[in-house]
Amino acid sequence: MRRRNFKRYRTARDSQKSKVYKFGWELAKGTDSWGPITRTRTRTYADGGHSSWESTWDTYQSVMTEQECIKFVNKAHRWWYGDTQNKLANVEITFANRNGSCFYLPMENKLLIRTKWGMNKDILLHELSHYIIGRSTRKEFRCQGGHGKIFMRIYATLLARFTQHSMTEIKRVAKKHKAKMCGTKDSNGKNIRRKLKQS
């Protein structure tokens, strides 16, 4: 590919990532998706001795089974596209019992969810939002960075529909953390859903 044409194929910088994470953390606090976790840590010294201690901190919790996760994700996915007759193929999910992040894997077209902390509605809807954007053929949807305004609009709409969070609360927390989203006057996300259906 010639250098002068490279820019139009490049994905935008993910400038909202930390803001979206802070937004998600605040929403999750006070729900069953968030709580304390304790880990035992060990340090080994040069002389062969070692010491162990426990560290406790608050973070996301896994509160659903694998089957519940699969059912929930596909229910939200079908609602987004208005699929009332179950014509859409199921979203493929791989569960990994090890440390690390949860991901949408575009090359494999599936979600990777960590069983230690990712099996809750907040994380599942976050990754599903990436999946919806990744499946779109509309260039403006795919080229705003991983956590851009369109991602936030999709994520906010799904949260308002499938969790206890109201859209008013979601907009307030997003504004607090400067996580921008498009279509803030579109209260139930009808416009963004219509555009994605056309892709």
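All figures in this text were calculated on a predicted structure; none of them were measured in a lab.

What follows concerns the packing of helix 3 (residues 66-80) against helix 4 (residues 121-134). In contact at an axis separation of 10 Å, helix 3 and helix 4 are set at 45° when each is read in the N-to-C sense. Judged by the angle between their axes, helix 3 and helix 4 are oblique. Seen from above, helix 3 lies across helix 4 with right-handed handedness. Of helix 4, the residues touching helix 3 (which contributes Cys69, Phe72, Val73, Ala76, His77 and Trp80) are Lys121, Leu124, Leu125, Leu128, Tyr131 and Ile132. For the contact of helix 3 with helix 4, the per-class residue count stands at 10 nonpolar, one polar and one charged.

Among the structural elements, alanine 76 can be located in helix 3. Spatially, the C-alpha atoms of alanine 76 and leucine 158 are 7.3 Å apart, while their sequence positions differ by 82 residues. The contacts of alanine 76, once residues within four sequence positions are left out, are Leu125, Leu128, Leu158 and Phe162.

Moving on: the state of the cysteines. Applying the stated criterion to the full structure yields zero disulfides. Here cysteine 102 is not disulfide-linked; the sulfur of cysteine 69 is the nearest cysteine sulfur, at 9.5 Å.

With 14 residues, helix 4 ought to run about 20 Å at 1.5 Å a step, and its terminal C-alpha atoms sit 20 Å apart, in line with that. Taken residue by residue, helix 4 has Asp122, Ile123, Leu124, Leu125, His126, Glu127, Leu128, Ser129, His130, Tyr131, Ile132 and Ile133 as its buried positions. Between the side-chain oxygen of the N-cap and the backbone nitrogen of aspartate 122 there are 3.3 Å, and the N-cap of helix 4 in question is asparagine 120.

We now examine the nonpolar core. Formed by 43 residues in total, the largest nonpolar core has its most connected members in Phe23, Leu125, Leu128, Met152 and Leu158. Listed by contribution, the elements that provide at least two residues to this core are helix 2 (17-28), helix 3, strand 3 (92-96), strand 5 (110-114), helix 4, helix 6 (149-162) and helix 7 (167-176). A total of nine residues in this core trace back to one element, the largest contributor, which is helix 6. In this structure leucine 128 touches Val73, Ala76, His77, Val91, Leu111 and Leu158, once residues within four positions along its chain are discounted.

Right, let's talk about the packing of helix 2 against helix 7 for a bit. Contact geometry of helix 2 with helix 7 gives a least axis separation of 9 Å together with a crossing angle of 135°. With respect to helix 7, the axis of helix 2 lies oblique. As helix 2 packs across helix 7, the resulting crossing turns out to be right-handed. Facing helix 2, whose interface residues are Phe23, Glu26 and Leu27, helix 7 presents Glu169, Ile170, Arg172, Val173, Ala174 and Lys176.

A cluster of basic residues, Lys19, Lys149, Lys178 and Lys180, forms a positive patch at the surface. Inspection of the secondary structure assignment puts lysine 149 in helix 6.

Cut-offs applied
- Residues numbered from 1 in each chain as written.
- Predicted model: local features only at pLDDT ≥ 70, side-chain atom pairs only at ≥ 80, totals over all residues.
- Heavy atoms only, no water.
- Axes fitted to C-alpha atoms, helices over the stretch in contact; angles between N-to-C directions.
- Helix = DSSP H or I, 4+ residues; strand = E, 2+ residues; numbered from the N terminus.
- Parallel < 35°, antiparallel > 145°, perpendicular 65-115°, else oblique.
- Left-handed = near helix turned anticlockwise from the far one by under 90°.
- Contact = heavy atoms within 4.5 Å.
- Nonpolar A, V, L, I, M, F, W, Y, C, P; charged D, E, K, R; others polar.
- Disulfide = S-S within 2.5 Å.
- Expected span 1.5 Å × (residues − 1).
- Buried < 20%, exposed > 50% of the residue type's maximum accessible area, 1.4 Å probe, protein only.
- Polar contact = N/O pair within 3.5 Å; in protein donor to acceptor, adjacent residues only side chain to side chain.
- Core = buried A, V, L, I, M, F, W, Y, C linked by side-chain atoms within 4.5 Å.
- Patch = residues over 30% accessible without salt bridge, like charges linked within 9 Å, V, L, I, M, F, W, Y side chains within 5 Å.
- Areas by Shrake-Rupley, 256 points an atom, 1.4 Å probe, with all protein chains shown as cover.
- Salt bridge = Lys/Arg side-chain N within 4 Å of Asp/Glu carboxyl O.
- Lys, Arg positive; Asp, Glu negative; His and termini not counted.
- Charge placed at Lys NZ, Arg CZ, Asp CG, Glu CD.

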